[in-house]
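# Notes for the structure review
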Amino acid sequence: PINIEPDFSEMSFIALQRNGIDQELCIQIRPHPHPELPNVYNLGFGPPDGNGGFQDDVKLRHENNDKVFSTVLFFAYLFLKEYPHFTIGVDGSDDFRATLYHLMFKSNKDYLDEFFIPIGVDWYVRIFRDNTFEQDEHGFYIRRPRPEPFDYGRTRHDLYRYYMFRLK
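Residues numbered from 1 in each chain as written. Predicted model: local features only at pLDDT ≥ 70, side-chain atom pairs only at ≥ 80, totals over all residues. Heavy atoms only, no water.

### Some details on the overall build of the protein chain
How we decide: A helix here means a DSSP run of H or I that spans at least four residues, while a strand means a run of E at least two residues long, and both kinds are numbered starting from the N terminus. Only protein chains enter the area calculation, which uses a 1.4 Å probe; residues under 20% of their type maximum are buried, those over 50% are exposed, and those in between are partly exposed. Within this scheme the basic residues Lys and Arg register as positive and the acidic residues Asp and Glu register as negative, but His and the chain ends are omitted. A charged residue contributes its charge at one atom only: NZ of Lys, CZ of Arg, CG of Asp or CD of Glu.
Within the protein chain, the secondary structure is distributed over 3 helices and 8 strands. Each helix (α) and strand (β) of the protein chain, taken in turn from the N terminus, gives the series β-β-β-β-α-β-α-α-β-β-β. Principal-axis analysis of the C-alpha atoms places the extent of the protein chain at approximately 60 × 35 × 35 Å. Looking at the protein chain as a whole, 39% of its 168 residues qualify as buried. Across the protein chain, the mean location of the 19 positive side-chain charges is 6 Å away from that of the 26 negative side-chain charges.

Quick look at the structure:
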């Protein structure tokens, strides 16, 4: 690590790229804003954006993807050891990244199951008996999260909308 915040909300480290360049990556863990996901903290990472955040839409070619993801997950593990009543969530900024997270959960099942309880989250809109949909005061559909135990039988063509894990 280059830097770790004392409350484990942020860390930066160097990830070697295939072109030989050292790329700084920043991991941030922040409260999830959805009121129906209490005690969920969103984990995001990417190159620093120069404004105290990170860029999650940059295409990088890591020399060792496993090492990068292991570093990110180890930091999440440290956060959860400090705050065991919280849950960590990750959200791919696009379908490619969501697919990557999905496959990471599946291909590392045995290892991750030693430490974490994986959770998949889909979103739903409530349909009333009169076949109308629940809407807010502006007419927008109200989407609600539906967490469930991660289904390892789901393929990469049936992604969750959000991926979460907590300590065992």
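### Here's the deal with the nonpolar core
Proteins that are soluble and globular tend to have nonpolar side chains buried together. Note the threshold: As used here, the term nonpolar core means buried Ala, Val, Leu, Ile, Met, Phe, Trp, Tyr and Cys residues forming a set that is joined through side-chain atoms within 4.5 Å. Any two residues having at least one pair of non-hydrogen atoms within 4.5 Å are treated as being in contact.
Formed by 33 residues in total, the largest nonpolar core has its most connected members in L43 and I88. Of all elements in the fold, only β2 (10-16), β3 (22-31), β4 (40-46), α1 (65-82), β5 (87-90), α2 (95-107) and β8 (162-167) reach the threshold of two or more residues within this core. In terms of residues, this core owes the most to one element, α1, which gives 8 residues. With near-sequence residues (within four places) excluded, L43 lies in contact with I27, Q28, I29, V72, A76, I88, G89 and V90. Judged by nonpolar contacts, the second largest core, of 6 residues, contains L37, I119, Y162 and M164.

### Section: the environment of L25
Inspection of the secondary structure puts L25 in strand β3. When the C-alpha positions of L25 and S12 are compared, they lie 5.4 Å apart, and in sequence the two are 13 residues distant.

### Re α1
Note the cut-off: Under the convention used throughout, the expected extent of a helix is 1.5 Å for every residue step, that is, one less than its residue count. Working note: the arc is built from the helix axis to C-beta atom directions. Pairs of N or O atoms within 3.5 Å make up the polar contacts considered here, provided that, within protein, one atom can donate a hydrogen while the other can accept it, and that residues adjacent in sequence are counted only when both atoms are side-chain atoms.
Taking 1.5 Å per residue as the helical rise, α1 with its 18 residues ought to reach 26 Å, and the 26 Å between its terminal C-alpha atoms agrees with that figure. Turning to α1, its buried residues number three or more, namely V68, F69, V72, L73, F75, A76, F79 and L80. Down the axis of α1, the smallest arc covering the buried residues is 150°, so these residues share one side. Summarising the geometry of α1, the exposed residues directed more than 90 degrees from the buried face are D66, K67 and K81. Sitting at the head of α1, N64 places a side-chain oxygen 3.2 Å from the backbone nitrogen of D66.

### Structural notes on unusual backbone geometry
One non-glycine residue, F8, lies in the positive phi region at around 60°. You can see F8 is positioned in the loop between β1 (3-4) and β2. Positive phi outside glycine occurs at N39, with the angle close to 65°. Considering the arrangement of structural elements, one finds N39 in the loop between β3 and β4.

### With respect to the side chain of H32
Among the secondary structure elements, H32 is positioned in the loop between β3 and β4. Judged by relative accessible area, H32 falls into the buried class, the value being 17%. Of the polar contacts made by the side chain of H32, one reaches the backbone nitrogen of H34; its length is 3.1 Å. Here H32 is in contact with L37, V40, Y41, N42 and Y162, once residues within four sequence places are set aside.

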